[in-house]
Every structure is written in C-alpha cells, then in structure tokens.
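Tertiary structure, described
Spelled out from the first residue to the last, the chains are:
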Amino acid sequence: MIQDSGKVNPKDLDSKYAYIQVTHVIPFFDEKELQERKTEFERSHNIRRFMFEMPFTQTGKRQGGVEEQCKRRTILTAIHCFPYVKKRIPVMYQHHTDLNPIEVAIDEMSKKVAELRQLCSSAEVDMIKLQLKLQGSVSVQVNAGPLAYARAFLDDTNTKRYPDNKVKLLKEVFRQFVEACGQALAVNERLIKEDQLEYQEEMKANYREMTKELSEIMHEQVSTLG
C-alpha cells in the first residue's frame with residue numbers, strides 16, 4: 001500500500017499491512033563535487049547520495065508563511081552508485097538536518113543564485129528556462145518571491161529576532177542574487193529577438209522595482225543595472 005507520508009497519521013496505520021513510503025529524490029552534491037561535476041552527464045552518473053526535503057512548521061502544519069516555514073532535509077547514501085545493474089539499491093546511511101525559517105530563506109535564495117548562474121554560463125543558453133527563472137526572480141508580489149524573504153528577515157523590525165550571522169549571510173546571498181539577476185537580464189537581452197524587446201523592458205522594470213525596495217530594506221544600493 002502506497003501513501004503520501006505527509007498526509008498519514010502513524011496512529012491510523014493498520015498493523016496487518018506493510019506500508020511503503022514513495023518519495024521523490026534528487027542527486028545531492030557538496031560544493032567540491034559541484035566544482036568537479038560540471039556537465040549534466042557528470043551530474044547524472046556515478047551517484048550514491050540523494051536528497052529529499054519535507055516542509056513543516058512548529059505548529060504542526062506542513063505549510064506556513066515564510067517567517068514560520070521550516071524544512072527537514074534528508075540525505076540518503078546508497079550502497080552502490082546509480083546507474084546500476086539493479087533498479088533498487090539499499091540505503092546504507094541517512095542523515096537528517098532541520099532548517100529553521102531564516103535558514104530556509106538562505107537555502108532557497110542560494111539555490112536561485114546557483115540556478116541563474118548555471119543557466120547564464122551554459123554553452124547553449126536555454127532561453128525558456130532562463131526567462132522562467134527571471135520572471136520568478138524579479139517578482140514584486142507582496143507575499144511571493146524573493147522579496148517575501150527580505151521583508152520577513154531583513155526589515156529593521158524583524159532582524160533582531162534572528163542571529164546576526166544568519167542575517168549577514170542572507171544579506172550576502174541577496175547581493176549575489178541581485179548580481180545574478182542582472183547577469184541573466186544581460187544574457188537575455190543579448191539573445192532575444194525583436195518581438196521580445198517589450199517583454200525584456202518589462203522584466204528590467206520589475207528588476208529595478210525589486211532592487212529599489214531591497215535597497216531600502218538593506219539600507220544599501222544593490223542594483224547592478226544602469
């Protein structure tokens with residue numbers, strides 16, 4: 001019997017049955033491995049470690065506002081590397097790490113920076129992926145996108161609630177994020193055709209609006225566009 005573990009109360013499980021948890025995992029690499037595995041092929045072969053994440057809040061809900069959203073990261077190490085002659089390989093070790101809300105913000109923003117940098121540095125830029133990432137990155141919606149993290153953790157009224165080192169790290173990640181967005185906009189402008197010029201100007205306007213508010217929150221100029 002297969003169940004979504006996020007929706008099952010262990011007390012409701014019948015002891016007469018054996019239950020299987022099915023979870024989507026992605027390859028996990030540390031910083032050194034990422035430097036060594038530069039191509040898609042290298043990041044898809046000879047892999048022993050995989051990761052999945054489960055959201056939770058201290059109140060018991062799975063999902064909450066950014067200021068209360070936590071997540072548990074589980075890293076699984078298999079006995080053999082994938083691909084393998086067998087489709088199923090036993091897990092020899094698993095490690096859990098719980099991230100609190102500001103750590104979730106740091107992690108999510110770091111992922112955005114890495115994704116934008118990778119897209120921009122590709123020999124053949126995937127324009128669809130690049131534009132989708134840009135749209136989500138320069139969003140100025142009140143309760144969505146990167147600005148939601150900045151408002152929740154970097155605003156003067158909120159920073160005192162969190163450790164100084166975490167606040168400083170999030171600020172640095174935001175600086176990198178702004179730079180990566182600026183680079184992505186430049187790459188997009190260089191490669192688009194004439195029929196997308198208006199779309200490009202709209203994204204640049206959203207970028208300027210986002211960086212203007214971010215500059216006010218962080219009390220520093222962070223925009224990289226002229």
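So, here's what we can say about the structure. (Residues numbered from 1 in each chain as written. Predicted model: local features only at pLDDT ≥ 70, side-chain atom pairs only at ≥ 80, totals over all residues. Heavy atoms only, no water.)

**Observations regarding the layout of surface pockets**
There is about 2000 Å³ of room inside the largest pocket. Forming the walls of the largest pocket are 48 residues, and the residues nearest its centre are L34, R43, K111, A114 and Q118. Those elements giving two or more residues to the lining of the largest pocket turn out to be β3 (26-27), α1 (31-36), β4 (47-56), α2 (101-121), α3 (127-137) and α5 (164-191). Residue classes in the lining of the largest pocket are distributed as 18 nonpolar, twelve polar and 18 charged. (1 Å grid on protein atoms, 1.4 Å probe; cavity = no way out; pocket = protein on both sides within 12 Å on 5 of 7 lines; lining within 4 Å. Points joined across faces, edges and corners; volume = space filled by probe spheres on them. Helix = DSSP H or I, 4+ residues; strand = E, 2+ residues; numbered from the N terminus. Nonpolar A, V, L, I, M, F, W, Y, C, P; charged D, E, K, R; others polar.)

**Overview of the packing of aromatic side chains**
In total, this model carries three aromatic pairs according to the counting rule given. Ring geometry for F50 against F82: centres 5.5 Å apart, planes inclined by 85 degrees, an arrangement best described as edge-to-face. Of this pair, F50 sits in strand β4 while F82 sits in strand β5 (residues 70-82), and the two are 32 residues apart along the sequence. Between the aromatic rings of F153 and Y162, the centroid separation amounts to 5.1 Å while the plane-to-plane angle is 70 degrees, which identifies the pairing as edge-to-face. In terms of burial, F153 and Y162 fall into one category: buried. (Phe/Tyr/Trp six-rings, centres within 6.5 Å; stacked < 30°, edge-to-face > 60°. Buried < 20%, exposed > 50% of the residue type's maximum accessible area, 1.4 Å probe, protein only.)

**With respect to the pattern of salt bridges**
Under the criterion given, the structure shown has 19 salt bridges. We note a salt bridge from K111 to E108, for which the minimum N-O separation is 3.9 Å. Residue K111 and its partner E108 are both found in helix α2; the two are separated by three residues, about one turn of the helix. By relative accessible area, which is 25% here, E108 ends up partly exposed. Each of the salt bridges in this network shares a partner with another, and the network as a whole consists of E53, K71, R73, D107, E108 and K111. (Salt bridge = Lys/Arg side-chain N within 4 Å of Asp/Glu carboxyl O.)

**Quick notes on the side chain of N158**
The residue N158 is located in the loop between α4 (146-153) and α5 in this model. Judged by its relative accessible area of 12%, N158 falls in the buried class. Looking at N158, its side chain comes within polar contact range of the main-chain oxygen of R151, at 2.9 Å. Only 3.2 Å separates the side chain of N158 from the backbone oxygen of A152, close enough to count as a polar contact. The contacts of N158, once residues within four sequence positions are left out, are R151 and A152. (Polar contact = N/O pair within 3.5 Å; in protein donor to acceptor, adjacent residues only side chain to side chain. Contact = heavy atoms within 4.5 Å.)

**With respect to unusual backbone geometry**
A cis amide bond links F82 to the next residue, P83, at an omega of -10 degrees. Its place among the elements puts P83 in the loop between β5 and β6 (91-99). Phi is positive for N46, close to 55 degrees, though the residue is something other than glycine. By relative accessible area, which is 55% here, N46 ends up exposed. Here H219, not a glycine, exhibits a phi torsion of approximately 60 degrees, which is positive. Within the secondary structure, H219 sits in the segment after α6 (197-218).

**Notes on the sheet that holds β4**
Pairing in this open sheet of four strands is antiparallel, and the strands run β3-β4-β5-β6 from one edge to the other. Sheet topology places β3 and β6 at the edges, where each strand pairs with a single neighbour. For β3 and β4, the ladder comprises two bridges, and the chain directions are antiparallel. Its bridge partner lying in β4, I26 is registered against M51. (Pairing = 2+ DSSP bridges.)

**Comments concerning the environment of G65**
Take G65: it is sitting in the loop between β4 and β5. For G65 and A152, which are 87 residues apart along the polypeptide, the C-alpha to C-alpha distance reads 9.3 Å.

**What to know about the nonpolar core**
By size, the foremost hydrophobic cluster in this structure holds 36 residues, and its most contacted members are F153, L154, L170, F174, F177 and L214. For this core, the secondary-structure elements that each account for two or more residues are α2, α3, α4, α5 and α6. Looking at which element gives the most residues to this core, the answer is α5, with eleven residues. Here L214 is in contact with L147, A150, F174, V178 and V222, once residues within four sequence places are set aside. (Core = buried A, V, L, I, M, F, W, Y, C linked by side-chain atoms within 4.5 Å.)

**Focus: the state of the cysteines**
Cysteine pairs can be covalently joined through their sulfur atoms, and such a bond is termed a disulfide. The final tally for this structure, using the stated rule, is zero disulfides. You can see C181 has no disulfide; the closest cysteine sulfur is in C120, sitting 9.1 Å from it. (Disulfide = S-S within 2.5 Å.)

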